[in-house]
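# Structure assessment
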Amino acid sequence: MIGAIAQREIVSFLRSSVFVSIAAAFVVLLTAAAFLSVERVKTFERERTAAEQVDRYVWDSQGERNPHSAAHFARYAFKPIPKFVAFDPGITDYAGIALWMEAHYQNPAVFRRAEDLGDAGHIANLSPAWVLQVIAPLFVFLVLFGALAGERESGTLRQLSAMGVTARTLFSGKLLGAGVGLGAIIIPALVFVLFFAGHTGGDDILPDKSIRLIGLVLSYVLYFVSVSAIAIGVSALMAEKRAALIALVALWAGSFVVTPRITADIASTVYAGPDSATISRALDGASNAFYQDSEYRAEIDRVILKEYGVESKDELPIEYGAYSLQKSEEHAHPLFEKIYANLNAVHKKQEGVLRAASLISPTIALNALSAGLAGSDRVHHQKFVEGAEVHRRKIVKQLNEDYMYNAGEAGYGYAAGEAFWKTIEDFSYIPPTFLSLFSSYAFGIIVLFAYAVFGIFFAMWAVRRAQKRIAK
Amino acid sequence: MLEAKQLTKTFDNVTALDRLDLRVEAGEIICLLGANGAGKTTTINLFLGFLEPTAGNAFVNGLNVRNAALETKKYLAYIPEQVALYPQLSGIENLNYFLRLAGIRKSRSDLIAVLIEAGLDETSATRRASSYSKGMRQKIGIAIALAKNAKALLLDEPLSGLDPSAANTLCKSLLQLRDDGHAILMATHDVFRAKEIGTRIGIMKAGKLVDDLDASLLDAREIEQIYLAHMHDSNVTDIRSGAAA
């Protein structure tokens, strides 16, 4: 019986010019989004690869100079772009793709695409993920608004009930029909886009690509089960197709379009982060704090004199200036960590608001999970920043130690050359596996499951109610 | 086959059906006449299990609808005033769909044969139902009853709005079904068609079955007079006596 209902639904879809038109428009939009997104990532990649090569060349060919001076000249840590970013760019456009690994400073990421977009920036967010998260639910609603209201309006619901079709069977058949009919459009499109995105542009750096791919497909399937069930449920509550259409379009506008935007605005207003000037001042303060901390400086002097068993700095066999510079670095580390921890705490509070809002908007839950699976969210960016900072500290230390141990009588006049510059490794970064970050996404997964379960129970209840009301 | 025992339905203190006792045997057509709101459709809805009776019981093939609503539907076919079909499907596909819901699978040739038996030609049967007239829809309803081999048919004003030719065709089909041993309960406003095909004619008023006439003993005009007398609370004894004489 379920199969018969599902089959009838599919045949009706295929013979409906409305369905065919909407499906075609959806596929065109998704394909365009995928193409544009892949091209964008390809451009990113070209620019990043070129910049990396230039950075290496400029570094190696900087000529002879003091290693600490070179530490100020510094290098860039470039953020590798995972291929799935073409599917879901997440915060990529806003987070920056490179870090300047300068001595004394833990700089924030720079080269944000959003800064280069100008006036078009605020509307240039077409990506396959956005199409699937925001536009596809409208497609589902436009196809399913008459699922039950249409049967009720035309009288076929009475016919079905007279044939002994129960609410559960009817709902299951409808959901299966919608699943196959809509899934035949959405799932191949999703897989194609993921495959397309996964094979062009970007780096193959995600160590658990298969898990992420499966996770993305399952997340979107769950999302569309929820959306379809809600559409059937709302349709069952309405006596007329027109009323169902209005209700579903209103739901789409409210829950799928407006709520995510308003929530993001509320989150960033209530928990406003510091502006870049404030961050810059804080970083300056952290960087210079060493020179105000006479106790710390006295302590490092005591330690180094004791280590070498000498009475004064002049007797040290190492370059004291380099030692002091390195210690000033180490003095700043916990201060930098605190600044960025505070910044992250603000971001987490903003995410907390979004999490709460995901209870009224499945789009918000999917948005966070999708970007996490694509490796393009704040959590992944944070890991990159932490990785880059580790590398910055490593190369600054390497430079300072070369100066410290090899300067000898030359003092600040010491200069290292290309042979030494070549020993400074490029920043090499492998993003974390999804499973290692699973706890960050558990809430979103639970919420998406809850939406699917709620949607199914809601729709079952609504269909049962519709059947009970056919004689009224 | 169909039986109502003290069947009662009230909606918000309004009695839509008041202690109805009725039997429709195999090979019988009972036509229920009555004004709008007399309780005809409520009776059909109670047999279909669309409504829960307030009191009393409805039985289909000996099964109480209250306890075995799904089971009783195996024996029933329902033809409303406007048979609702799926416009994107052809007549054959609609028939096939409804039969599959009843757990019946038939070949295309068998489906066409049933539709032809119900009075629909093969060309029409392959057209989409969106272009069907009301009469053609009724034929699909009859075809479902035939193919399903339903023991009882419940028809809710199936003749309303049909042109005379289509009404005549439907009546012929119903008579054939009656002769084949089906029990038929039909709600209608058409006294003359009721006389033409009914075995018995029940007159309903304000939820009560106020008269139960043997259609073979009365002509259409007499039935109409009795009906009008009931509607106007006049004495029907004289009309009956006249008819008997």
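Residues numbered from 1 in each chain as written. Chains lettered and ligands numbered in written order. Predicted model: local features only at pLDDT ≥ 70, side-chain atom pairs only at ≥ 80, totals over all residues.

As recorded by an unreviewed UniProt entry, chain B carries the name ABC transporter ATP-binding protein and is attributed to Hyphococcus lacteus.

With an unreviewed UniProt entry as reference, chain A is termed DUF3526 domain-containing protein, source organism Hyphococcus lacteus.

## Some thoughts on the UniProt feature "transmembrane region" (unreviewed entry) in chain A
Residue and element names in this part refer to chain A. Here the UniProt-annotated "transmembrane region" (unreviewed entry) positions come out as residues 12-36, 130-150, 171-197, 217-237, 244-262 and 441-463. Secondary structure across residues 130-150 divides into 81% helix and 0% strand, with the first and last C-alpha atoms of the span separated by 30 Å. Annotated as residues 244-262, this span is 100% helix and 0% strand, and its ends, taken at the C-alpha atoms, are 25 Å apart. (UniProt positions renumbered as here; feature names shortened; annotations may be inferred. Helix = DSSP H or I, 4+ residues; strand = E, 2+ residues; numbered from the N terminus.)

## Structural notes on the UniProt feature "domain: ABC transporter" (unreviewed entry) in chain B
On the UniProt side, "domain: ABC transporter" (unreviewed entry) is annotated at positions that read residues 2-231 of chain B here. The span residues 2-231 of chain B is 39% helical and 27% strand by assignment, and the distance between its end C-alpha atoms comes to 26 Å.

## Remarks on helix α6 (residues 128-144) of chain A
Residues and elements named next belong to chain A. For α6, with 17 residues, the first-to-last C-alpha span of 22 Å sits near the 24 Å given by 1.5 Å per residue. The axis of α6 is deflected most strongly, by about 40°, at I135, and proline P137 appears within four residues downstream. The element α6 is extensively covered by neighbouring structure, given that 12 of its 17 residues are classed as buried. Here α6 has its buried residues at P128, A129, V131, L132, Q133, A136, P137, F139, V140, F141, V143 and L144. (Expected span 1.5 Å × (residues − 1). Bend = angle between axes of the 7 residues up to and from the residue. Buried ≥ 20, exposed ≤ 12 C-beta atoms within 10 Å, placed from the backbone.)

## What about the packing of α6(A) against helix α11 (residues 241-270) of chain A?
All names here are of chain A. α11 packs onto α6 with a crossing angle of 165° between their chain directions and a minimal axis gap of 10 Å. Relative to α11, the element α6 lies roughly antiparallel. The crossing of α6 and α11 is right-handed. Between α6, through V134, P137, L138 and F141, and α11, the contact on the second element is made entirely by L248, V249, W252, F256 and V257. (Axes fitted to C-alpha atoms, helices over the stretch in contact; angles between N-to-C directions. Parallel < 35°, antiparallel > 145°, perpendicular 65-115°, else oblique. Left-handed = near helix turned anticlockwise from the far one by under 90°. Contact = placed C-beta atoms within 7 Å.)

## Overview of the interface of chain A and chain B
Listed as interface residues are 20 residues of chain A and, on the opposing side, 20 residues of chain B. With 6 residues, helix α8 (residues 156-162) of chain A is the largest single contributor of residues to the side of chain A that touches chain B. Split into classes, the residues belonging to the side of chain A that touches chain B amount to 9 nonpolar, 8 polar and 3 charged. (Nonpolar A, V, L, I, M, F, W, Y, C, P; charged D, E, K, R; others polar.)

## Details of the sheet that holds strand β6 (residues 76-79) of chain B
Residue and element names in this part refer to chain B. Spatially, β6-β7-β8-β3-β9-β10 is the arrangement adopted by the 6 strands of the open sheet, whose pairing is mixed. Because the sheet does not close on itself, it has two edges, and the strands there are β6 and β10 (208-214). Sheet twist, expressed as the average angle between the axes of neighbouring strands with direction ignored, equals 20°. Relative to strand β7 (residues 152-156), β6 runs parallel, the two sharing 4 bridges. Each bridged residue has a counterpart across the sheet, and for Y78 the counterpart in β7 is L154. Across the sheet, helix α7 (residues 164-179) touches β3 (29-34), β7 and β8 (183-188), and the angle it forms with β8 is around 150°. (Pairing = 2+ DSSP bridges.)

## Quick notes on the confidence of the model for chain B
Mean pLDDT over chain B stands at 89; residues scoring 70 or higher make up 96%. In the model output, the complex is listed with pTM 0.86 alongside ipTM 0.88. (pLDDT = per-residue confidence, 0-100.)

## Thoughts on the packing of helix α10 (residues 209-237) of chain A against helix α15 (residues 362-374) of chain A
Residue and element names in this part refer to chain A. Where α10 contacts α15, the axes come no closer than 10 Å and their chain directions differ by 170°. Put simply, α10 runs roughly antiparallel to α15. Listed contacts from α15 to R212, G215, L216, S219, Y223 and S226 of α10 are P362, L366, L369, S370 and L373.

## Notes on the domain arrangement of chain B
All names here are of chain B. In terms of domain boundaries, chain B breaks down into domain 1 (2-75 + 151-244) and domain 2 (86-149). Taking only C-alpha atoms, the centre of domain 1 and the centre of domain 2 are 26 Å apart. Each side of the interface is counted separately: domain 1 has 10 residues, and domain 2 has 7 residues. Here the element with the most residues in the side of domain 1 that touches domain 2 is α7; it accounts for 5 residues. By residue class, the composition of the side of domain 1 that touches domain 2 is 6 nonpolar, 3 polar and 1 charged. (Domains from an automatic or database assignment.)

## Let's talk about helix α3 (residues 91-101) of chain B
Residues and elements named next belong to chain B. Most of α3 is tucked away, with 10 of its 11 residues classed as buried. Along α3, the residues that are buried comprise G91, I92, E93, N94, L95, N96, Y97, F98, L99 and L101. Looking one or two places after α3, you find G103, whose phi comes out positive at around 80°.

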